[in-house]
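Below are the chains, spelled out letter by letter.
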Amino acid sequence: MQLSDKKATLSFSDGSAPIEFPVYQGTIGPDVIDIRKLYGQSGMFTYDPGFLATASCESGITYIDGDKGQLLYRGYPIDQLAQKCDFLDICHLILNGDLPNKEQKAEFDSLVTHHSLVHEQLHFFLRGFRRDAHPMAVLTGLVGALSAFYHDSTDITNPHHRQVSAIRLIAKMPTLVAMAYKYSQGQPFIYPQNDLSYTGNFLRMMFATPCEEYKVNEVVERALDRIFILHADHEQNASTSTVRLCGSSGTNPFAAIAAGVACLWGPAHGGANEACLQMLEDLQANGGVAKVGEFMEKVKDKNSGVRLMGFGHRVYKNYDPRAKLMQETCKEVLASLGLENDPLFKLAMELERIALEDDYFVQRKLYPNVDFYSGIVQRAIGIPTSLFTAIFALARTVGWIAQWNEMLSDPDYKIGRPRQLYVGPQVRDVPSR
Ligand code: ACO
């Protein structure tokens, strides 16, 4: 963080003396006004519900330019990363600051691979859930429970412990997600297999049974790996901020990540791809492409309460760069599985075509987001809709743990403690009873 020559001055209409604040510059993106001394000097707080204009931390991990439609991990554009790297390259990059060289890659991949088994007792813990429990309920419980099994990596002041927890979480998440799925199906858990890639192993744990050999489909493996890459980190979103806030109390990393999983579950965050697929299926059942025009009229009618799911984003006011990559992957997967004529994909393309030409969407800068195509890909792969958010959590774990680690490594870090504007009753006496 670098001090700028610029300063910000806050003046008051009641004649109080103005206050000057330092301004800091990042490497790219908006400058920030440092208001840490505001309360001490003025006795006032700032008011910013939803953090619309508040930078809660400094971070060197991910950068988003919503107007340009740009997403960078550690400075590298997402499209280059998605085309040239696999998910474990991205995990190394996000965790350690740069892409691994050949030796580092071999070492890192082996480290993650050799941490993918979970404590056998976790199987019994999982068996306490109902078979029809939502996978995110199961995952929140399982991730939180890890802290009861891995005591030897919970000293957050020890950088080695933090590193081991990070690897454990990244390595065990696919095992836990696959276990949650297998349990819901009444099928036996499949143990990890170390000669497969991270994503190939996950596919096998999801879809193999002990009755026959399972061969990983390379196109499907690449597609899912790309979904993981595109969801690995996204700056200070709700679940990441949750992990930071939870972790700022000094709690152990498994507890902090469980809080992130719980936050991601919400439909305004990780649950949107499920909602998008639901919208496409409903539209298909009610006339398909022929009814797209009618549907779009409803979307534009504010009284209908209908939104085009998978469109629009709080930060991106241009095409979400992840949506372009997802569309490409979608085409590839459908072609490889002989589903080129998939009606939902055709419907999605038609909705996108109309929306991009329509004034309503153009004026409001509404473009497809990553969720517009990812549900179609996951459905084609055979992943049930209820598991979509758990897949997102699996991929986002590296971002959460890297952001948590970055916070703890910052010598200036403090417990997160927002203030409030109190609007409740004045002091009053309890009446005699
Ligand atoms: N369909 C129709 N109209 C929309 C849509 C949409 N998907 N998104 C925004 N609008 C309209 C709003 O009605 C509003 O119109 P107005 O100015 O006439 O009142 C305008 O565009 C601005 O919308 P806001 O809701 O104020 O924008 P905000 O930045 O708060 O919302 C959000 C972003 C929540 C993502 C919104 O675009 C949305 O609901 N999209 C659909 C859900 C979705 O796909 N979410 C996934 C996000 S990506 C992710 O979480 C991984």
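Because the structure is predicted, anything quoted here is derived from the model rather than measured. In every chain, residue numbers begin from 1 and rise along the written sequence. Totals for whole chains, interfaces and linings use all residues, but because this is a predicted model, local features are given only for residues with pLDDT of at least 70 and pairs of side-chain atoms are given and counted only at 80 or more. Only hydrogens and water are removed before side-chain values are computed, so all heavy atoms of the structure are retained for them.

It is worth spelling out the sheet that holds strand β6 (residues 76–77) at this point. Through backbone hydrogen bonds, the strands of a sheet pair up, either in parallel or in antiparallel fashion. DSSP-based pairing: two strands are paired if at least 2 bridges between them are found. Here a helix means four or more residues in a row that DSSP labels H or I, a strand means two or more in a row labelled E, and each is numbered from the N terminus. The strand order across the open sheet formed by three strands is β4-β5-β6, and the pairing between neighbours is antiparallel. Each edge of the open sheet is held by one strand with a lone partner, namely β4 (62–65) and β6.

This brings us to the environment of Lys 365. With respect to the helices and strands, Lys 365 occurs in the loop between α16 (359–363) and α17 (371–381). Classification of Lys 365 as partly exposed rests on a relative accessible area of 43%. Sequence-wise, Lys 365 and Phe 311 are 54 residues apart; in three dimensions their C-alpha atoms are separated by 9.8 Å. The contact criterion used is simple: two residues touch if any of their non-hydrogen atoms lie within 4.5 Å. Those residues in contact with Lys 365, other than ones at most four positions away along the chain, are Tyr 316 and Lys 317. Accessible area is worked out with a 1.4 Å probe on protein chains only. A residue is then buried under 20% of its type maximum, exposed over 50%, and partly exposed in between.

Looking now at the site of the ligand. Around the ligand sit 18 residues, and of these Lys 302, Arg 307, Leu 308, Gly 310 and Tyr 360 come closest. In protein, a polar contact means a hydrogen-donor-capable atom and an acceptor-capable atom, both N or O and within 3.5 Å, with residues adjacent in sequence counting only if both atoms are side-chain atoms; elsewhere, any N or O pair within 3.5 Å suffices. Between a nitrogen atom of the ligand and a main-chain N or O atom of Leu 308, the distance comes to 2.7 Å. In this structure, Gly 310 approaches the ligand through a main-chain N or O atom, which is 2.8 Å from an oxygen atom. For the ligand, the accessible surface in isolation is 920 Å², of which the surrounding protein chains cover 71%. Here the residues of the shell around the ligand sort into seven nonpolar, five polar and six charged. Proximity is defined per residue: any heavy atom of the residue falling within 4 Å of a molecule or strand makes that residue near it. The accessible surface values rely on the Shrake-Rupley method and a 1.4 Å probe; as for residues, cover is taken only from the protein chains in view. The residue classification treats Ala, Val, Leu, Ile, Met, Phe, Trp, Tyr, Cys and Pro as nonpolar and Asp, Glu, Lys and Arg as charged. All others, Gly included, are polar.

Grouping buried Ala, Val, Leu, Ile, Met, Phe, Trp, Tyr and Cys residues that are joined through side-chain atoms within 4.5 Å yields what is termed a nonpolar core. One finds Leu 139, Leu 308 and Leu 351 to be the most contacted residues of the largest nonpolar core, which totals 112 residues. Top element by residues in this core is helix α18 (residues 388–409). It accounts for 14 residues. Leaving out residues up to four positions away in the same chain, Leu 351 has contacts with Met 279, Leu 280, Leu 283, Val 292, Phe 295, Met 296, Leu 308 and Phe 372.

Here the focus is the pattern of salt bridges. The term salt bridge refers to a side-chain nitrogen of Lys or Arg lying within 4 Å of a carboxyl oxygen of Asp or Glu. Throughout the structure, instances matching the rule amount to 18 salt bridges. As a salt-bridge pair, Asp 34 and Arg 36 come within 2.9 Å of each other at their nearest N and O atoms. The salt bridge involving Asp 132 is made with Arg 130; its shortest N-O contact spans 2.8 Å. Each member of the pair, Asp 132 as well as Arg 130, is classed as exposed. Taken together, the shared-partner salt bridges connect Asp 86, Asp 89, Lys 105 and Asp 109 into one network.

Attention now goes to the domain arrangement of the protein. For the domains described, the bounds stem from an automatic or database domain assignment. Once the domains are mapped, the protein shows domain 1 (2–65) and domain 2 (76–432). In this assembly, eleven residues from domain 1 lie in contact with 15 residues from domain 2. Accessible area that two parts lose when put together, with a 1.4 Å probe and added across both, is what the buried area reports. Interface area for domain 1 against domain 2, summed over the two sides, is near 1,200 Å², with a carbon-plus-sulfur share of 63%. Here domain 1 is connected to domain 2 by zero salt bridges. At the surface where domain 1 touches domain 2, the tally comes to three residue pairs in polar contact (both at pLDDT 80 or more). Considering only residue class, the side of domain 1 that touches domain 2 consists of six nonpolar, four polar and one charged.

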